Every structure is written in structure tokens, then in C-alpha cells.
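Observations on the three-dimensional arrangement
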Amino acid sequence: MRRREKLPLKEERGLSLLHKVGEWKIALCFPGEYAWGMSNLGYQSLLRLVFETPSWGGERFFASWGPYSFETSSPLSAFDIIAFTLSFELELFPFLSLLQESPIPYFTSQRGEDDPWVIAGGPLVSLNPEIVAPFVDLAFIGEAEEIFPQLLVIWAREKKKKTPRWEMKKLLSTLPGVYVPEGILPRYEKGELIGFEVQEGFPFPVERQRINLDRCETRTFIYTPYAHFRKTALIEVNRGCGYGCRFCAGYVLYAPLRQRSFPLVEAMVNRVFAWTDQIGIVGSDVLSYPTIEELVVYLRKHQKKLTCSSLSAKRLIQKPSLLGALRQGGLRTLTIAPESGDTLLRAHLGKGLANEEWRELIQDAVAIGFEAIKLYFMLGRIKEGVEEDIVFLQEITRHVNPKRIGVSYSFFIPKPHTPWQDFVPSLPQWRKEKNQFEREVRKLGITITGESPRFALTELILARGDRLLAEKLPSLLPSAGKHQEWKKVFRDLKRDEEWPFHPWRGKLRPWSMVVN
């Protein structure tokens, strides 16, 4: 067992999984560290759903701690269902490591009637469930808040009746948004995906699920001062986005834009007031929330400080009073994402605004007291080069002290279901732009952080990967896919080294069984 950080349960507030026992046990697994898991609202919602479902008890697992629960150090293999929340491609490796260490058979085909069920959901799974298909007994496509409790009730009922595993999978696959990979088999011809063979009793295709946000709360249900967002309770106000940026998987996953009612948001805020003085407002487009200014005033009235994730520059330009309200509410760092310094490219991406508007917004933010400005950029875009990005930043530093600015960048990874899902990236372009961008930004005196091209390449391979590729992933542990090991995988699959950049050329994609 790995040595654990000293994170006592007694410092947590809110739901106590230790006080919820049940006939059936579910392992609630996060593919990373405790701090990140407890800052993930998808994971927090899963904890709440299990706590509220009769006859079920749950315990937390974090990949960085190995296959023993946070609550009682129980082994992973002792649970009836192993549930994972997966958001990003690189989380596939800690997901597989937990199964390896448990030990629970990697592949569904190797599990018997008495083995635990492995299930998964989250953004990664919803975009491309085939990349987990060999490992999961079932997957959730879309938002699972309404379906997940129903699934647990039906599973328990059928388990008591000793219904065979295969028949249970057929039954559960009829629930909206539930995908059973064994019931839908991909067919290939000369390496190209040509169709799906649907087994009797399994629905096809699978429809992505979206919920009415006013039917449930999404917030911090178990508060800990040791979460990544330190001493902060999180509240979700909306999902979806009205912009439809062409590269953004979030739009595909959560559209249309849906707002929670202010009375429900107020009630969620009130439930976390006793735990902390800092409230994090979360949403796909926080500033589109119709009563965002009233919410900030409400927090100030109760002497609570506000934090927010990346904000929409368009909204701040359209409604200038928002900037002052956010600063008065306690927000100290303004995080915005120009993505590019090229005005025309930004418009094509869906970002918009002229360079002058971005500069004026940043100047105004500094003038009213924001201590820092964080800017997100994307490299490896459809238009090569970072020269205009540098000019954009040079102009800003003529008016704003560069020590107040931080720049972060990542590489453009084409995501399933987006308009640019078939874009062909270039690894040499990534490396060239990374070196040039870092060098020139540092010359301006701006702090810069960014992504490794090697990790970005692994993300690229996994984002558009299929079931055949997924079956090879256990062979890549524990390295998480070094270049030479990937080359061997491609040779075994009879795919050349260019496959990651242009994997699918026919009409179908591995994720074509999902309907948005």
C-alpha cells in the first residue's frame, strides 16, 4: 500500500459515507489525487447519489493511494461495483493501474459472475466510450444524475434474483444513456471501421443524456480544506454554452445552455456557508448566469469571498459592470482565454473580439484592482505560427506590467463530435511553436507554463482511439505510453506512425454509436 498523506476524516464536513451502510457496496474511484478528486463536482455528485440511494454504501478510492479505500482501507476487490469518473485521456492509465493492483481482471471478457462490475462515466467516456470499451461492463453517456440511482436499484434487485450477468447487462442497457460495449461490436475491413454488429437485446444507437438542472444540486457535498481549491466550496450555476466554439468539447457535451434558478443556487450556497468563507462559482459560462451580479452581492452580504474559473471576455465586454462586481466580490485573479493573438483566427474559433478590446479589458481589470491576469493560449491550431500571439502580448505589456500577467498554453487536441474532430495536427509544428512561444513570452517578462508535446501526443492518440487500441493500453503501464512503446502498439495493430494524426478516413468513427 502506498504511504498516504495525513488527511484526517475528522476535518471533512458534509456527507459522511462512513455513516451510510448498505447491503451492497460501491467503490467510488477517482483516477488521481485526493485533492483533485474532492475538487471535481462530477465526483462529488457521484458521492451524493450513492449516499441518497437506499441499500447502497460507498467508499472513496484515489488512484494515487492504490486499491484501498479512504474510509476504511477496504480492498477494491471487496466491492460489488467499481465506479470511475473519467474526465481526461491521461486518466486512463491510473484507471487501469487501479484495476491491475486490485487485482480485478482488466477485460470484461475475463470477468465471471462473482467478479465486481466496472462502470465508468464522465466527459472522456461520453465523448468516446470505445476507449474504455474493453474494460467496463457498462458506461454512462452524458449526465447521469437521474439514471444512476435507477441503475443501482435495478442492479441490486436483479442480483438478489441471481439473474445472470449477461441478462443483467441487456436489461440495464435499456436505461437511457447506458452503453454496454459487449452488446455493440465494431466491424473492420482493411483496418477501417465499417460498421457495428448489434447483439440481440441491446439498443443502438445510444443517446447522450441531459438533465433539468433544477431537479438536483451540484455542489461540494463533502468539504475538505485539503482540496485542490483550498478552503473553497464549489457551486455549479449552469451547464452548456451559447458560443459553440468549434474546437470545444464542452459545447458538445453540455449544450444547450441551461441555467439553475436563483432560489436553488441560493439554497446550495446556504448549505456550504458554515464550512468556509470562500465560494467557488462553477459553470460552462459563469457570466451568462442571469443573476450573477445579485449572487455576488449575496455572497458579499454574508461576508463570503468569490472565486471563478475561466471567464468569458465577451460577457465582460458586453456588460462592463461585471468586472467591478467580481473584484468587489473578492476575485483577485482574472482568468480569460484569448487562445490566439490573431483576430480572424479567434473569430473562426468562436472567440471573437478585436485585439484592442482584449487589451482594454485587461487594462481595466488591472486599474480596478485585479492582482493578476491569467491568459490561456492554444498552440497547434489550424493556422500555423505564433507570431501574432507574440505581437498581441507585446501590445498588452506596453500598457500593463508584465509581472501582473501569466500565460498558460496547451496544444489543440481534436475531440470527438466537434466540427474539427478530423483535424490533422503536426508534431513538428507543436515543437516549433512551443519553443518559439516560450522563448518570446519569457523575453517579455511574462511567466509562462505549458504542456509537454509528449503528453499531448498521448492525449491525441487516446482521444480518437478505438476498441482495438484500447485493448493494448495495459501493455503500456506503468510508463503511460512512451514513444517507442506506442510504435510497438501501432506495429501490432498494423497501423503506421501517421495514424494518430489522421486515424479515420471512412464515414464512421469509433464514437458513432453516440447520438447527441
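Below: a short report on this structure. Just so it is clear, the structure is predicted and the values come from calculations on it, not from any experiment.

**Topic: the overall build of the protein**
A tally of regular secondary structure across the protein gives 18 helices and 20 strands. The globule rule puts the C-alpha radius of gyration for 516 residues at 24 Å, and the 23 Å found for the protein is close to it. Principal-axis analysis of the C-alpha atoms places the extent of the protein at approximately 70 × 55 × 40 Å. Within the protein, buried positions represent 58% of all 516 residues. When contacts within the protein are restricted to residue pairs at least 6 apart in sequence, long-range pairs at least 24 apart make up 75% of them. Here the protein has roughly 21,600 Å² of accessible surface; of this, 52% comes from carbon and sulfur atoms. Here the protein carries 70 positive and 61 negative side-chain charges, and the mean point of each set is 3 Å from the other.

**Topic: empty space enclosed by the protein**
This model, assessed by the stated rule, comprises one cavity of 30 Å³ or more. Here the largest cavity defines a volume of roughly 40 Å³. Secondary structure elements with two or more residues in the lining of the largest cavity: β11 (222-223) and β12 (232-239). Its residues assigned to classes, the lining of the largest cavity comprises six nonpolar, five polar and no charged.

**Topic: the side chain of Gln44**
Position of Gln44 among the secondary structure elements: in helix α2 (residues 41-52). Leave out the neighbours within four places in its chain, and Gln44 touches Met38, Arg219, Thr220, Phe221 and Ile222.

**Considerations on the packing of helix α5 (residues 147-160) against helix α6 (residues 165-172)**
Closest axis-to-axis distance for the α5/α6 pair is 11 Å, and the angle between their directions is 150 degrees. For the element pair α5 / α6, the angle class is roughly antiparallel. Crossing of α5 against α6: the hand is right-handed. Contacts between α5 and α6 involve Leu151, Ile154, Trp155, Arg157, Glu158 and Lys159 on the former and, on the latter, Met168, Leu171 and Leu172. Grouping the amino acids of the contact of α5 with α6 by side-chain chemistry returns six nonpolar, no polar and three charged.

**Describing the packing of helix α8 (residues 262-272) against helix α9 (residues 292-301)**
For any two helices packed against each other, one specifies the crossing angle of their axes together with the interaxial distance. Where α8 contacts α9, the axes come no closer than 11 Å and their chain directions differ by 25 degrees. If you check the angle between α8 and α9, you find them roughly parallel. As α8 runs across α9, the sense of the crossing is right-handed. Residues Phe262, Val265, Glu266, Val269 and Asn270 of α8 lie in contact with α9, whose contacting residues are Glu294, Leu295, Tyr298 and Leu299. In the contact of α8 with α9, the residues fall into six nonpolar, one polar and two charged.

**Thoughts on the sheet that holds strand β4 (residues 81-85)**
Remark on secondary structure: sheet strands pair via backbone hydrogen bonds, oriented parallel or antiparallel. Pairing in this open sheet of six strands is mixed, and the strands run β3-β2-β4-β5-β6-β7 from one edge to the other. Looking at which strands have only one partner, the edges of the open sheet turn out to be β3 (56-62) and β7 (178-179). Across two bridges, the pairing between strand β6 (residues 138-140) and β7 is antiparallel. Across the sheet, Ala139 pairs through a bridge with Tyr179, a residue of β7. The strands touched by helix α3 (residues 92-101) are β2 (24-30), β4 and β5 (117-121); relative to β4, the strand with the most contacts, the crossing angle is about 160 degrees.

**Thoughts on the sheet that holds strand β15 (residues 305-308)**
Taking strand neighbours across the sheet as the criterion, the four strands line up as β13-β12-β14-β15 in an open arrangement whose pairing is mixed. Two strands close off the open sheet at either side, each with one partner strand: β13 (258-259) and β15. When strand β14 (residues 278-283) meets β15, the two strands line up parallel, connected through four bridges. Counted as the bridge partner of Ile279 is Leu306 from β15. Together, β12 and β14 form the strand contacts of α8, whose direction differs from that of β12 by roughly 170 degrees.

**Focus: helix α13 (residues 355-367)**
Taking 1.5 Å of rise per residue, 13 residues should cover 18 Å, and α13 covers 18 Å from first to last C-alpha, within 8% of that figure. Where α13 is concerned, the buried positions are Trp358, Arg359, Leu361, Ile362, Ala365 and Val366. All buried residues of α13 fall inside an arc of 160 degrees around its axis, so they share one side. Packing partners of the buried residues in α13 comprise α10 (313-318), α11 (321-328), β16 (333-339), α12 (343-349), β17 (372-379) and α14 (387-397). Gly369 lies just past α13 and shows a positive phi near 115 degrees.

**Notes on the pairing of strand β19 (residues 447-450)**
Looking down a regular strand, the side chains alternate between one sheet face and the other. Sheet topology note: the strand β18 (residues 405-411)/β19 ladder contains four bridges and is parallel. By the bridge assignment for β19, Tyr409 is matched with Gly450. Assessed by its sense of winding, the connection that carries the chain from β18 through helix α15 (residues 427-443) to β19 is right-handed.

**Some points on the pairing of β5**
Taken across its five residues, β5 has five buried, putting it largely inside the fold. Of the two faces of β5, both are covered, the one formed by Trp117, Ile119 and Gly121 as well as the one formed by Val118 and Ala120. Relative to β5, β4 is paired through five bridges, and the arrangement is parallel. Of the residues in β5, the one forming a bridge with Ile82 is Val118. Regarding the hand of the β-α-β motif, the stretch spanning β4, α3 and β5 is right-handed.

**Observations regarding the packing of aromatic side chains**
Aromatic ring pairs are reported here in terms of the distance separating the ring centres and the angle at which the planes meet. With the rule as written, the count across this model stands at 33 aromatic pairs. Between Phe62 and Phe70, the aromatic rings sit 6.2 Å apart at their centres with planes inclined by 85 degrees, giving edge-to-face as the arrangement. Grouping residues by exposure puts Phe62 and Phe70 together as buried. Relative to Trp155, the ring of Trp117 has its centre 6.1 Å away and its plane inclined at 85 degrees; by these criteria the two rings are edge-to-face. In this pair, Trp117 is assigned in strand β5 and Trp155 in helix α5, connecting sequence segments 38 residues apart. For the pair shown, Trp117 and Trp155 are each scored as buried. Ring pairs connect the aromatic residues Phe30, Tyr34, Tyr43, Phe62, Trp65 and Phe70, which therefore count as one cluster.

The rules behind these values
- Residue indices begin from 1 for each chain and proceed along its sequence in written order.
- Confidence filtering applies because this is a predicted model: local features only for residues at pLDDT of at least 70, side-chain atom pairs given and counted only at 80 or more, and all residues used for totals across whole chains, interfaces and linings.
- Hydrogens and water are ignored here; the side-chain numbers use all heavy atoms of the structure.
- Elements are defined by DSSP. Helices are runs of H or I of four residues or more, strands are runs of E of two residues or more, and each kind is numbered from the N terminus.
- Here the radius of gyration uses the C-alpha set of atoms, whereas the globule reference equals 2.2 Å times the residue count to the power 0.38.
- Partly exposed describes any residue whose relative accessible area lies between the buried limit of under 20% and the exposed limit of over 50%, with all areas from a 1.4 Å probe on protein chains only and scaled to the type maximum.
- Contacts: residue pairs with any heavy atoms within 4.5 Å of one another.
- Computed by Shrake-Rupley with a 1.4 Å probe, the accessible areas treat only the displayed protein chains as cover when residues are assessed.
- The sign given to each residue is positive for Lys and Arg and negative for Asp and Glu; His and the chain ends receive no count.
- Charge positions are represented by NZ for Lys, CZ for Arg, CG for Asp and CD for Glu.
- Definitions used throughout: a 1 Å grid over protein atoms alone; a cavity as a set of points that fits a 1.4 Å probe which cannot get out; a pocket as an open set with protein on both sides within 12 Å along at least five of seven lines; a lining residue as one with an atom within 4 Å of a point.
- Grid points are joined across faces, edges and corners, and a volume is the space filled by probe spheres set on the points.
- Nonpolar residues are Ala, Val, Leu, Ile, Met, Phe, Trp, Tyr, Cys and Pro. Charged residues are Asp, Glu, Lys and Arg, and all others, Gly as well, are polar.
- Here the axes come from fitting lines to C-alpha atoms, over the contacting stretch only for helices, and the angles between their N-to-C directions go from 0 to 180 degrees.
- Note that the term roughly parallel is reserved for angles under 35 degrees, roughly antiparallel for angles over 145, roughly perpendicular for angles of 65 to 115, and oblique for everything else.
- Take the far helix as your reference; a near helix turned counterclockwise from it by less than a right angle gives a left-handed crossing, and one turned clockwise gives a right-handed crossing.
- Note: two strands are recorded as paired if DSSP finds a minimum of 2 bridges between them.
- To estimate the expected span of a helix, count its residues, drop one, and scale the result by 1.5 Å.
- Comment: arc refers to directions from the helix axis out to C-beta atoms.
- Here the term right-handed applies to a crossover when the path leading from its first strand over the helix to its second strand runs clockwise, the strands being oriented away from the viewer.
- The aromatic pairing rule takes the rings of Phe, Tyr and Trp, using the six-membered ring of Trp, and pairs them if the centres are within 6.5 Å, calling planes under 30 degrees apart stacked, those over 60 edge-to-face and the rest tilted.

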